[in-house]
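So the chains spell out like this:
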Amino acid sequence: MTERAGELAGKVAVVTGGAAGLGAGLARRFVAEGAKVLIGDVDTGNGAKLAAELGADAEFVEADVADLDQVSGLVSTAVERFGGLHVMVNNAGISGTMHRSLLDDDLADFDRVMRINVRAVMAGTRDAARHMAEHGGGSIINLTSIGGIQAGGGVQTYRASKAAVIQFTKSAAIELAHHEIRVNALAPGNIRTAIVRKSATGADLERLERFEARIRQQMRDDRPLKREGTVEDVAEAALYFAGDRSRYVTGTVLPIDGGTVAGKVIARKSHAE
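Attention here is on the structure that accompanies the text. As the structure is a computational prediction, the values presented were derived from the model and not from experiment.

### Overview of the overall build of the protein
No. 1: Counting its regular elements, the protein contains seven helices and seven strands.
No. 2: Counting from the amino terminus, helix and strand elements in the protein follow one another as β-α-β-α-β-α-β-α-β-α-β-α-α-β.
No. 3: A total of 273 residues make up the protein; the buried ones form 46% of that total.
No. 4: Contacts spanning at least 24 positions in sequence make up 70% of the contacts within the protein whose residues lie at least 6 apart.

### Observations concerning the layout of surface pockets
Using a probe with the size of a water molecule, rolled over the atoms, empty space left in the structure can be pinpointed.
No. 1: The volume enclosed by the second largest pocket comes to roughly 260 Å³.
No. 2: Every residue lining the second largest pocket is counted, 17 residues in all, and those nearest its centre are Gly138, Glu180, Ile181, Arg182 and Arg247.
No. 3: Contributions of two or more residues to the lining of the second largest pocket are made by β5 (138–143) and β6 (181–188).
No. 4: Split into classes, the residues belonging to the lining of the second largest pocket amount to six nonpolar, six polar and five charged.

### Points about the packing of helix α1 (residues 21–32) against helix α2 (residues 44–54)
No. 1: Packing of α1 against α2 leaves a shortest axis separation of 11 Å and a crossing angle of 15°. In this view, α1 runs roughly parallel relative to α2, as classed from their interaxial angle. Crossing handedness for the pair α1 and α2: right-handed. Contacts between α1 and α2 involve Ala24, Ala27, Arg28 and Val31 from the first element and Leu50, Glu53 and Leu54 from the second.
No. 2: Its residues placed into classes, the contact of α1 with α2 shows five nonpolar, no polar and two charged.

### Quick notes on the packing of helix α4 (residues 110–132) against helix α5 (residues 156–176)
No. 1: Packing of α4 against α5 brings their axes to within 9 Å, and their N-to-C directions diverge by 15°. Compared by their axis directions, α4 and α5 come out roughly parallel. Judged by the twist between their axes, the crossing of α4 over α5 is right-handed. Judged by residue contacts, Phe110, Val113, Met114, Asn117, Val118, Val121, Met122, Thr125 and Ala129 of α4 engage Thr157, Tyr158, Ala160, Ser161, Lys162, Ala164, Val165, Phe168, Ala172 and Leu176 from α5.
No. 2: Looking at side-chain class alone, the contact of α4 with α5 contains 14 nonpolar, four polar and one charged residues.

### Thoughts on the sheet that holds strand β4 (residues 87–90)
No. 1: Taken in spatial order, the seven strands line up as β3-β2-β1-β4-β5-β6-β7 in an open sheet, and their pairing is parallel. Either end of the sheet is taken by a strand with one partner, and the two such strands are β3 (58–62) and β7 (253–256). In this sheet, adjacent strand axes meet at a mean angle of 20° when their direction is disregarded.
No. 2: Where β5 lies against β6, six bridges are found, and the strand directions are parallel. In the strand pairing of β6, Ile140 is matched with Val183.
No. 3: The strands that α1 touches are β1 (12–16), β2 (36–41), β3, β4, β5 and β6; relative to β2, the one it contacts most, it runs at about 165°.

### Description of the side chain of Asn190
No. 1: Among the structural elements, Asn190 can be located in the loop between β6 and α6 (202–222).
No. 2: A distance of 3.4 Å separates the side chain of Asn190 from the backbone oxygen of Asp257, its partner in a polar contact.
No. 3: Of note is the side chain of Asn190, whose polar atom sits 3.0 Å from the side chain of Thr260.

### Concerning the pairing of β3
No. 1: Looking at chain direction, β2 and β3 are connected through five bridges and run parallel. Following the sheet pairing, Gly40 is matched in β3 by Val61.
No. 2: Since β2 and β3 lie parallel, the crossover through α2 that links them has a hand, and here it is right-handed.

### A closer look at α5
No. 1: Helix length check: α5, at 21 residues, gives a terminal C-alpha distance of 30 Å against a target of 30 Å (1.5 Å per residue), a fit within 8%.
No. 2: Of the residues making up α5, those classed as buried are Thr157, Tyr158, Arg159, Ser161, Lys162, Val165, Ile166, Phe168, Thr169, Ala172, Ala173 and Leu176.
No. 3: Close packing links the buried residues of α5 with α4, β5, β6 and β7.

So, how was this worked out
- Residues numbered from 1 in each chain as written.
- Predicted model: local features only at pLDDT ≥ 70, side-chain atom pairs only at ≥ 80, totals over all residues.
- Heavy atoms only, no water.
- Helix = DSSP H or I, 4+ residues; strand = E, 2+ residues; numbered from the N terminus.
- Buried < 20%, exposed > 50% of the residue type's maximum accessible area, 1.4 Å probe, protein only.
- Contact = heavy atoms within 4.5 Å.
- 1 Å grid on protein atoms, 1.4 Å probe; cavity = no way out; pocket = protein on both sides within 12 Å on 5 of 7 lines; lining within 4 Å.
- Points joined across faces, edges and corners; volume = space filled by probe spheres on them.
- Nonpolar A, V, L, I, M, F, W, Y, C, P; charged D, E, K, R; others polar.
- Axes fitted to C-alpha atoms, helices over the stretch in contact; angles between N-to-C directions.
- Parallel < 35°, antiparallel > 145°, perpendicular 65-115°, else oblique.
- Left-handed = near helix turned anticlockwise from the far one by under 90°.
- Pairing = 2+ DSSP bridges.
- Polar contact = N/O pair within 3.5 Å; in protein donor to acceptor, adjacent residues only side chain to side chain.
- Right-handed = clockwise from strand over helix to strand, strands pointing away.
- Expected span 1.5 Å × (residues − 1).

Structure follows, in structure tokens:
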């Protein structure tokens with residue numbers, strides 16, 4: 001298929017949690033396709049460095065999406081500095097504390113995980129939609145996870161938060177459709193980022209790394225596509241939702257997971273057997 005150059009030319013995007021990981025990958029791809037991007041994050045060092053790397057088409061604003069005023073400030077800043085807002089990516093998220101099992105979970109970080117992973121997504125969607133509704137519509141992209149689609153052990157608060165994002169995305173898509181605002185979600189899986197590691201240190205980090213290695217091998221064995229997913233894979237999917245090729249798509253949750261959600265690989269017997 002012929003690649004379209006400048007698919008986002010003339011568009012303005014906000015990417016929360018955009019200083020590193022998936023968010024940085026999305027910001028880079030959007031700028032490469034002609035968009036102006038406002039990067040919001042608490043990570044001032046990486047955020048400022050990324051904005052400098054991307055040049056005049058990107059700016060960084062320190063923002064903690066746990067604070068609703070700072071979420072709304074990202075929208076107003078994008079409009080003020082770049083003249084509008086066409087794409088809102090609610091990407092910022094945290095995993096919460098890793099526990100050996102649900103029986104050991106004191107739920108101490110429940111409120112913070114929900115504030116960042118759910119409430120901030122709702123606020124970002126609402127605030128972006130308030131502008132988009134008065135200016136011809138737009139695209140809102142919420143980041144969920146295959147952990148919000150498939151049940152499983154570990155990080156139960158995180159899984160619950162990502163499941164909530166899915167239902168909110170579909171509901172918002174229905175409500176905002178008459179404003180020509182599309183709301184979709186990306187559900188990455190098996191993409192190596194630092195989100196879980198940020199929740200552990202010392203011995204816990206060592207245990208987490210061993211656990212992660214076992215889980216990654218198990219996932220590789222089970223999923224249909226064997227190669228590891230990359231940040232660029234997620235960025236390509238985000239580009240589809242951000243641009244005009246998805247103009248008739250809303251309320252969709254797109255797994256980017258090598259087929260994990262579709263089902264496990266069934267071992268095949270060779271012809272010799």
